[in-house]
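Single-letter residue listing:
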Amino acid sequence: MPDHDLVAHVASSTGLSEGEAARVVGDVIAHYREPVEDYVRRRHARLQLHGARNPEIYRTIAAELGDRLVAAPELSERQLRRIIYG
C-alpha cells in the first residue's frame, strides 16, 4: 500500500474512499516508476501511430522527459534512436 498519509490526503481532498484513493496513488506512482527506456518506446509507438515522423517524435519525447516529475537525463536523438531500435 502506498504512503498512508498521502492516501488519506487524497481521500479527504477528493471525496474518494481510502481504497479508491490508494488505487489512484498506486497508479500515479506506477506511472512515474516506468523506466525511461519503456517510456521512450511507448511514446514513440503512440506518436508514430498518430502519424508523427521521427524527427518530430524525438523532439517531443526529449521535451517530455525533461518535464517529468523526476526528470530523466537529457537524451540525444541518437540515444533515443538506440533505445527504440536497439
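See the structure printed just above.
So, a few notes on the structure that sits alongside this text. (Residues numbered from 1 in each chain as written. Predicted model: local features only at pLDDT ≥ 70, side-chain atom pairs only at ≥ 80, totals over all residues. Heavy atoms only, no water.)

## Concerning helix 1 (residues 4-14)
Stage number 1. What helix 1 keeps buried is the set V7, V10 and A11. Along the axis of helix 1, the buried positions cluster into a sector of 100°, meaning they face one direction only. Away from its buried face by more than 90 degrees, helix 1 exposes D5, H9, S12 and S13.
Stage number 2. Its side-chain oxygen 2.7 Å from the backbone nitrogen of D5, D3 forms the N-cap of helix 1.
Stage number 3. Positive phi appears at G15, one or two residues downstream of helix 1, with a value of about 85°. (Buried < 20%, exposed > 50% of the residue type's maximum accessible area, 1.4 Å probe, protein only. Helix = DSSP H or I, 4+ residues; strand = E, 2+ residues; numbered from the N terminus. Arc of directions from axis to C-beta. Polar contact = N/O pair within 3.5 Å; in protein donor to acceptor, adjacent residues only side chain to side chain.)

## Concerning the packing of helix 3 (residues 36-49) against helix 5 (residues 77-85)
Stage number 1. In the contact formed by helix 3 and helix 5, the axes pass within 9 Å of each other and the chain directions differ by 85°. Here helix 3 lies roughly perpendicular to helix 5, going by the angle between them. Contact with helix 3, carried on its side by E37, V40, R41, H44 and Q48, involves L80, I83, I84 and Y85 of helix 5 and no other residues of that element.
Stage number 2. Residue classes in the contact of helix 3 with helix 5 are distributed as five nonpolar, two polar and two charged. (Axes fitted to C-alpha atoms, helices over the stretch in contact; angles between N-to-C directions. Parallel < 35°, antiparallel > 145°, perpendicular 65-115°, else oblique. Contact = heavy atoms within 4.5 Å. Nonpolar A, V, L, I, M, F, W, Y, C, P; charged D, E, K, R; others polar.)

## Details of the nonpolar core
Stage number 1. Core analysis: the largest hydrophobic core is formed by 13 residues, its most contacted members being V40, L47, I57, I61, L65, L75 and L80.
Stage number 2. Those elements that place two or more of their residues in this core are helix 3, helix 4 (54-67) and helix 5.
Stage number 3. For this core, the element with the most residues is helix 4, which contributes four residues.
Stage number 4. With residues up to four places along the chain from it excluded, the contact list for V40 reads I61, L65, L80, I83 and I84.
Stage number 5. Residues V7, V10, A21 and V25 belong to the second largest nonpolar core, which totals six residues. (Core = buried A, V, L, I, M, F, W, Y, C linked by side-chain atoms within 4.5 Å.)

## Details of the packing of helix 1 against helix 2 (residues 18-33)
Stage number 1. Taken N-terminus to C-terminus, the directions of helix 1 and helix 2 make an angle of 115°; their axes are 8 Å apart at the nearest point. As judged from the angle between their axes, helix 1 and helix 2 are roughly perpendicular. Considering how the two elements wind past one another, helix 1 and helix 2 form a crossing that is right-handed. Along its contact with helix 1, which presents H4, L6, V7, A8, V10 and A11, the element helix 2 presents E18, A21, A22 and V25.
Stage number 2. Taken together, the residues of the contact of helix 1 with helix 2 sort by class into eight nonpolar, one polar and one charged. (Left-handed = near helix turned anticlockwise from the far one by under 90°.)

## Describing the environment of A21
Stage number 1. As for its position among the elements, A21 is in helix 2.
Stage number 2. Judged by relative accessible area, which is 0%, A21 ranks as buried.
Stage number 3. Along the chain, A21 and H9 lie 12 residues apart, while their C-alpha atoms are 8.7 Å from each other.
Stage number 4. Among residues more than four places away in sequence, those in contact with A21 are V7, V10, A11 and L16.

So yeah, pure geometry; function would need other evidence.
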